[in-house]
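# Coordinate inspection notes
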Amino acid sequence: MKKIFGFWNLLLLATTSIFMVSCGDDIKDPIDLTSPLTETHNFDEKVDQDPNNELTITLKAVKGVGNISSLNVKENGVNLDPSRFELGGDAVASSTVAILGADQQGFTKEFTLDLPTVTGTYTYLFTVTDANQKTDQVSVEIKVRGLTTITSEKLYNFAGPLASGLNLSTGKAVAKNTDNNTWPGAHILDAGNDLVGTTNPTYPWKGSITNYDGSVIRKVDKAVWNFSIGILDVKVAFESSSDLAVAKLVVGDVYVVKKGEDYFLIRVKSVVDDGMNQGGSGSNVDYSEFEIKN
């Protein structure tokens, strides 16, 4: 009986050992065990990034049992266009980059990215794969604030009966507050009529805008409208120009308006003169319209 009991104990021990080895093989993942992919970055994930900002994500991959064979990059679940990023300072041909040479034993590389120009939150998922098809992943979230474009309401003649102020944040016309003669929330005002002649004066519309409540207007090159992708572009254009007290409007001309810490890029869309310079019923309904980027 002792021999039999010993035999069954031995069999049970062997079975248990085989089961433990088998389970160990099932859960063993060389890459996961060595934490092969980590990242550090030089920006605050909670802060909106201008599309012009140069961001750096440093990727560190550690070899598991198999050599590291590739790195894949996705933006919001879609393979990232290889023309928009570099790895280790080198251009790449695909969203999946082959890892070669000594880097197969592990690497630390800087990932640099051309940010999207559309405002939103973007998740970048990095996946390393080894020769045994084991994988590991790490992700980074980036908030981007690009420029958005709106079309303004009509900015009417200052001397007329309609709204003669404009809020550039919303594009809404701002009417005069008759209680205290202010235009609450306006960034610019129409400049009203001119005085022409002394004996028989006429009052043609100036077709101009002027600053209001601390705003500053500066004219910039027309090309600024097309190449500006972020507020940094607008700030640079503003700093390279000079203040204007009054801006004469021509369709297609581009201005930057600064008020406090806010910058607005505006392009003249229309300048419509009612053709009635003498005043009277039906006159002073001249207006201008703008496209606004902010």
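Residues numbered from 1 in each chain as written. Predicted model: local features only at pLDDT ≥ 70, side-chain atom pairs only at ≥ 80, totals over all residues. Heavy atoms only, no water.

Moving on, we come to the overall build of the chain. Check the secondary structure of the chain and you find four helices and 22 strands. When each of the 294 residues of the chain is scored for burial, the buried share is 39%. For the chain, restricting intrachain contacts to residue pairs at least 6 apart in sequence, the fraction spanning at least 24 positions comes to 60%. Carbon and sulfur atoms form 54% of the exposed surface of the chain, whose accessible area is close to 15,900 Å². (Helix = DSSP H or I, 4+ residues; strand = E, 2+ residues; numbered from the N terminus. Buried < 20%, exposed > 50% of the residue type's maximum accessible area, 1.4 Å probe, protein only. Contact = heavy atoms within 4.5 Å. Areas by Shrake-Rupley, 256 points an atom, 1.4 Å probe, with all protein chains shown as cover.)

So, on to the sheet that holds strand 16 (residues 208–211). Strand pairs in the sheet, formed through backbone hydrogen bonds, run parallel or antiparallel to each other. Across the sheet, which stays open at both edges, the five strands sit in the order 14-13-15-16-19 with antiparallel pairing between neighbours. If you trace the sheet from one side to the other, it starts and ends with strand 14 (173–174) and strand 19 (246–248), each paired once. Sheet analysis places strand 13 (residues 165–166) next to strand 15 (residues 188–190), joined by two bridges and oriented antiparallel. Paired with Leu166 across the two strands is Ile188, which belongs to strand 15. (Pairing = 2+ DSSP bridges.)

If you trace the five strands from one edge of the open sheet to the other, you get 1-2-8-5-6, paired in antiparallel fashion. Here the strands that pair on one side only, and so sit at the sheet edges, are strand 1 (37–41) and strand 6 (90–91). As judged from the five bridges shared by strand 1 and strand 2 (residues 56–62), these two strands associate in the antiparallel manner. Looking across to strand 2, one finds that Glu39 is bridged to Leu59.

Glancing now at the pattern of salt bridges. All told, the structure shown has nine salt bridges when counted by the stated rule. We note a salt bridge from Glu153 to Lys172, for which the minimum N-O separation is 3.6 Å. Pair noted here: Glu153 is in the loop between strand 11 (149–151) and strand 12 (155–156) and Lys172 is in the loop between strand 13 and strand 14, with a separation of 19 residues, a long-range link. Take Glu153: its relative accessible area is 35%, and that puts it in the partly exposed class. Between Asp253 and Lys219 there is a salt bridge whose closest N-O contact spans 3.3 Å. (Salt bridge = Lys/Arg side-chain N within 4 Å of Asp/Glu carboxyl O.)

Okay, the environment of Arg145 next. Here Arg145 is to be found in the loop between strand 10 (135–144) and strand 11. You can call Arg145 partly exposed: its relative accessible area is 32%. When the C-alpha atoms of Arg145 and Val47 are compared, they prove to be 9.4 Å apart, with 98 residues separating the residues in sequence. Filtering out sequence-adjacent residues up to four positions away, Arg145 remains in contact with Asp48, Gln49, Asp50, Pro51, Thr119 and Asn294. One polar contact links Arg145 to Asn294, side chain to side chain, over a distance of 3.2 Å. (Polar contact = N/O pair within 3.5 Å; in protein donor to acceptor, adjacent residues only side chain to side chain.)

Attention shifts here to the environment of Val220. With respect to the helices, strands and loops of the structure, Val220 is situated in strand 17 (residues 216–220). Taking C-alpha positions, Val220 is 5.4 Å from Tyr255, a pair spaced 35 residues apart along the chain. Apart from the residues lying within four places of it in its own chain, the contact partners of Val220 are Ala237, Ser241, Val254, Tyr255, Val256 and Leu265.

Here strand 20 (residues 254–259) runs beside strand 21 (residues 262–272); their pairing, made up of six bridges, is antiparallel. Opposite Val256, over in strand 21, you have Leu265 as the bridge partner. Taking the residues that link successive antiparallel strands as the turn, the strand 20-strand 21 hairpin has two residues, and the phi of Gly260 there is positive, at about 65°. In terms of strand pairing, strand 21 meets strand 22 (residues 287–293) through seven bridges, oriented antiparallel. If you follow Val272 over to strand 22, its bridge partner there is Tyr287.

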